[in-house]
Structure formats: structure tokens, C-alpha cells
Amino acid sequence: MAEPIPIRIPVREILPWAIFIALLAVVLLYFVGAEEGATSLISGHYVHEYVHDARHLLGFPCH
């Protein structure tokens, strides 16, 4: 029986997606973890209230 040959995926094809996913994760982490108070980019508490339960689930203190 012939052994399967693994498919090679060049790093050049993975790197843009890895950077995009890492940037998306950092933005999401900012909005869940730090979007309130002095570091707030969006005025009001709309973003904070939208991600409030996620903050508690991930262990971020918020009140």
C-alpha cells in the first residue's frame, strides 16, 4: 500500500492569514478587556455593555 504524501503549504501563503487573525484577536481582546474609561476609543458605555458578559467569562474585572 502506498503511503500518502503530505501536502506542503508555503509560509508565504499562511503568513498573511496568520497576521490577519492575530490582528483581529488583538482588536477583540482590546474591546473585551480595555474598552472603558481613559482608554476608551468609542464614547459612551455601548461597547462595554455589549461585551459585558464576555468580560466576566474571561475574568476581566469591570465593576
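Above this text sits the structure in question.
Thresholds, definitions, all that
Residues numbered from 1 in each chain as written. Predicted model: local features only at pLDDT ≥ 70, side-chain atom pairs only at ≥ 80, totals over all residues. Heavy atoms only, no water. Helix = DSSP H or I, 4+ residues; strand = E, 2+ residues; numbered from the N terminus. Rg over C-alpha atoms; globule rule 2.2 N^0.38 Å. Contact = heavy atoms within 4.5 Å. Areas by Shrake-Rupley, 256 points an atom, 1.4 Å probe, with all protein chains shown as cover. Patch = residues over 30% accessible without salt bridge, like charges linked within 9 Å, V, L, I, M, F, W, Y side chains within 5 Å. Salt bridge = Lys/Arg side-chain N within 4 Å of Asp/Glu carboxyl O. Buried < 20%, exposed > 50% of the residue type's maximum accessible area, 1.4 Å probe, protein only.

S.K.: Honestly, the overall build of the protein in this entry has me stumped. Any pointers?
M.R.: Secondary structure assignment for the protein yields three helices and zero strands. Counted from the first residue to the last, the protein has its helices and strands arranged as α-α-α. Against the 2.2 N^0.38 benchmark of 11 Å for 63 residues, the protein shows a C-alpha radius of gyration of 19 Å, more extended than a compact globule. Principal-axis analysis of the C-alpha atoms gives the protein an extent of 60 × 25 × 15 Å. The contacts in the protein between residues at least 6 apart in sequence include a share of 19% that link residues at least 24 apart. On the protein, roughly 5,900 Å² of surface is accessible, and the fraction owed to carbon and sulfur atoms is 72%.

S.K.: Would you take a moment to explain a nonpolar patch on the surface for this structure?
M.R.: A contiguous nonpolar surface patch, about 480 Å² in accessible area, is contributed by W17, F20, I21 and L24. For I21, a relative accessible area of 52% gives the class exposed.

S.K.: How should I be thinking about the side chain of R55 in this particular structure?
M.R.: Positionally, R55 belongs in helix 3 (residues 52–58). Classification of R55 as buried rests on a relative accessible area of 1%. Ignoring sequence-local partners within four residues, the contact set of R55 consists of V32, G33, A34, E35, E36, H48, F60, P61 and C62.

S.K.: Can you walk me through the side chain of H52 in this structure?
M.R.: Structurally, H52 can be placed in helix 3. Setting aside residues no more than four positions away along its own chain, H52 makes contact with C62 and H63.

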